[in-house]
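Reading the structure
The chain contents come next:
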Amino acid sequence: MKKLVSIFVSAIMAVSMCAVAFSAMAADNVVSPTASTAASTTTTTQVDTLKDGMATTTVNGENSSDISQNISTTNPNEVTFTYSGEGTLTGWEHNLTSLGLVSGTDCITVQNEDGSLTITFLTDNAIAQWNAGNVVVNALVDYDTTTTTKKATTTTEPDEDEESEEEETTVTTTVKKNTSSTSPSTGFSTVVIASVIAVAGAGIAVLAASKKRDAE
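Residues numbered from 1 in each chain as written. Predicted model: local features only at pLDDT ≥ 70, side-chain atom pairs only at ≥ 80, totals over all residues. Heavy atoms only, no water.

Let's talk about the overall build of the chain
Defined as follows: Note on conventions: DSSP H or I runs of at least 4 residues are helices, E runs of at least 2 residues are strands, and numbering of each starts at the N terminus. Residue burial is assigned from relative accessible area. The probe radius is 1.4 Å, only protein chains are included, and a residue is buried under 20% of its type maximum, exposed over 50%, and partly exposed in between. Here, two residues are considered to be in contact whenever any of their heavy atoms come within 4.5 Å of each other. Calculation of accessible area relied on Shrake-Rupley with a 1.4 Å probe; when residues are assessed, cover is drawn exclusively from the protein chains displayed.
For the chain, the helix and strand inventory stands at 6 helices and 8 strands. The order of α-helices and β-strands along the chain, N terminus first, is α-α-β-β-β-β-β-β-β-α-β-α-α-α. Going through the 216 residues of the chain one by one, you find that 18% of them count as buried. Considering only intrachain contacts with a sequence separation of at least 6, the fraction spanning at least 24 residues in the chain is 61%. Counting every atom, the chain has about 16100 Å² of accessible surface; 59% of that belongs to carbon and sulfur.

With respect to the confidence of the model for the chain
This is how it is decided: pLDDT: the predictor's confidence for each residue, scored from 0 to 100.
Confidence in the prediction of the chain, expressed as mean pLDDT, is 72, and 46% of residues score 70 or more. Predicted confidence is poor over residues 35-46, with pLDDT under 50, and the contacts of this stretch with residues over four places away or in other chains come to 1 contact. Long-range and interchain partners of residues 147-152, a stretch whose pLDDT sits below 50, account for 0 contacts in this model, where long-range means more than four residues apart.

A word on the sheet that holds strand 2 (residues 62-63)
Rules: Strands qualify as paired when DSSP identifies two bridges or more between them.
As summarised here, the arrangement of the 4 strands in space is 2-1-8-5, forming an open sheet in which the pairing is mixed. Each edge of the open sheet is held by one strand with a lone partner, namely strand 2 and strand 5 (88-94).

A short note on a nonpolar patch on the surface
Where we set the bar: To count toward a patch, a residue needs a relative accessible area over 30% and no salt bridge; like charges are then connected within 9 Å, while nonpolar side chains (Val, Leu, Ile, Met, Phe, Trp, Tyr) are connected within 5 Å. Salt bridge, as used here: a side-chain nitrogen of Lys or Arg that lies within 4 Å of a carboxyl oxygen of Asp or Glu.
Judged by side-chain polarity, Ile108, Val110 and Leu122 come together as a nonpolar surface patch covering roughly 230 Å² of accessible area. Relative to the helices and strands, Leu122 resides in the loop between strand 7 (117-121) and helix 3 (124-131).

Here we look at the pairing of strand 4 (residues 78-83)
Within a regular strand, side chains alternate between the sheet's two faces. A one-sided burial pattern is seen for strand 4, the buried positions being Val79, Phe81 and Tyr83 and the unburied ones Glu78, Thr80 and Thr82. Here strand 3 (residues 67-71) pairs with strand 4 via 5 bridges, running antiparallel. From the neighbouring strand, Ile67 faces strand 4, where its bridge partner is Tyr83. Between strand 3 and strand 4, which follow one another and run antiparallel, lie 6 residues. Taken together, the 4 bridges between strand 4 and strand 7 define a ladder with antiparallel strand orientation.

Concerning the nonpolar core
The following threshold applies: Only buried residues count toward a nonpolar core. Its members are Ala, Val, Leu, Ile, Met, Phe, Trp, Tyr and Cys residues joined through side-chain atoms within 4.5 Å.
Grouped together as the largest cluster of nonpolar side chains are 22 residues, with contacts concentrated most on Val79, Phe81, Trp92, Ile119, Phe121 and Trp130. Of all the secondary-structure elements, those providing two or more residues to this core are strand 3, strand 4, strand 7, helix 3 and strand 8 (136-142).

Observations regarding the side chain of Asn95
Basically, it comes down to this: Throughout this description, a polar contact denotes any pair of N or O atoms lying within 3.5 Å of each other; where both atoms belong to protein, one of them has to be capable of donating a hydrogen while the other can accept it, and for residues adjacent in sequence the pair is counted only when both atoms sit in side chains.
By the secondary structure assignment, Asn95 is in the loop between strand 5 and strand 6 (107-111). The class of Asn95 is buried, set by a relative accessible area of 16%. Looking at Asn95, its side chain comes within polar contact range of the main-chain oxygen of Asn134, at 2.9 Å. Beyond its immediate stretch of four places on either side in the chain, Asn95 contacts Asn134, Val135 and Val136.

Observations regarding helix 3
For helix 3, the full list of buried residues reads Ala126, Ile127, Gln129, Trp130 and Asn131. Looking one or two places after helix 3, you find Gly133, whose phi comes out positive at around 80 degrees.

Looking at the sheet that holds strand 7
Here is the rule we go by: Working convention: axes come from line fits to C-alpha atoms, limited for helices to the stretch in contact. Angles between N-to-C directions cover 0 to 180 degrees.
Reading across from one edge, 3-4-7-6 is the order of the 4 strands in this open sheet, with antiparallel pairing throughout. The open sheet is flanked by strand 3 and strand 6, the only strands paired with a single partner. Recorded for the sheet is a direction-independent mean angle of 15 degrees between the axes of neighbouring strands. Both strand 6 and strand 7 contribute to a ladder of 5 bridges, which runs antiparallel. Bridging across to strand 7, Ile108 finds its partner in Thr120. Strand contacts of helix 3: strand 3, strand 4 and strand 7, with the helix running at about 125 degrees to strand 7, the strand carrying the most contacts.

Examining the side chain of Ser64
The topology assignment puts Ser64 in the loop between strand 2 and strand 3. Beyond its immediate sequence surroundings of up to four residues, Ser64 is in contact with Thr57, Thr58 and Val59.

Considerations on the environment of Thr90
Inspection of the secondary structure assignment puts Thr90 in strand 5. With a relative accessible area of 53%, Thr90 lands in the exposed category. Spatially, the C-alpha atoms of Thr90 and Asp142 are 6.8 Å apart, while their sequence positions differ by 52 residues. With near-sequence residues (within four places) excluded, Thr90 lies in contact with Leu140, Val141 and Asp142.

This is the structure in structure tokens:
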């Protein structure tokens, strides 16, 4: 009888141990909803959209605020650059190739009919370069040199040589005026001499007449 009881107790203990083991294995295979949600959240927070205003904009190699950068409302990975400064826009430059981005694979650049530049970033690497502030876009602008020359000519002051030449001309003019003013004096002297000669001739005639009367 005792042997039967011992066997029965042993069987019960064995069944209990097996049940505990199966319960532990089942608990290990259960995925909690919290862990699944966390994994899903991690997947959706990858770098996949552009941040506003992260590119450095320059005009002819110098930093400028005359270029606007607008991210498309329909495509969050597309940005358009527009130049609004003076001069004539002749083209665009960028450093995407030097950043290791391949055109057509990592990004696409298109110059639009209105002169603006649109860049579409296709890969996470390209988007990461943008969001890190590594992208540089340069506008090539031709300024009107004629206007600048006219301004320079207007503000040019006469040099000292030109002033001295004007002074010499003034002196020469003054000398001519002084010379011309002596002509009335010369005419007066001529009249006086002619009068003296006339008086002397009259005197000689009178003396000649007196001698002739004395002789008769």
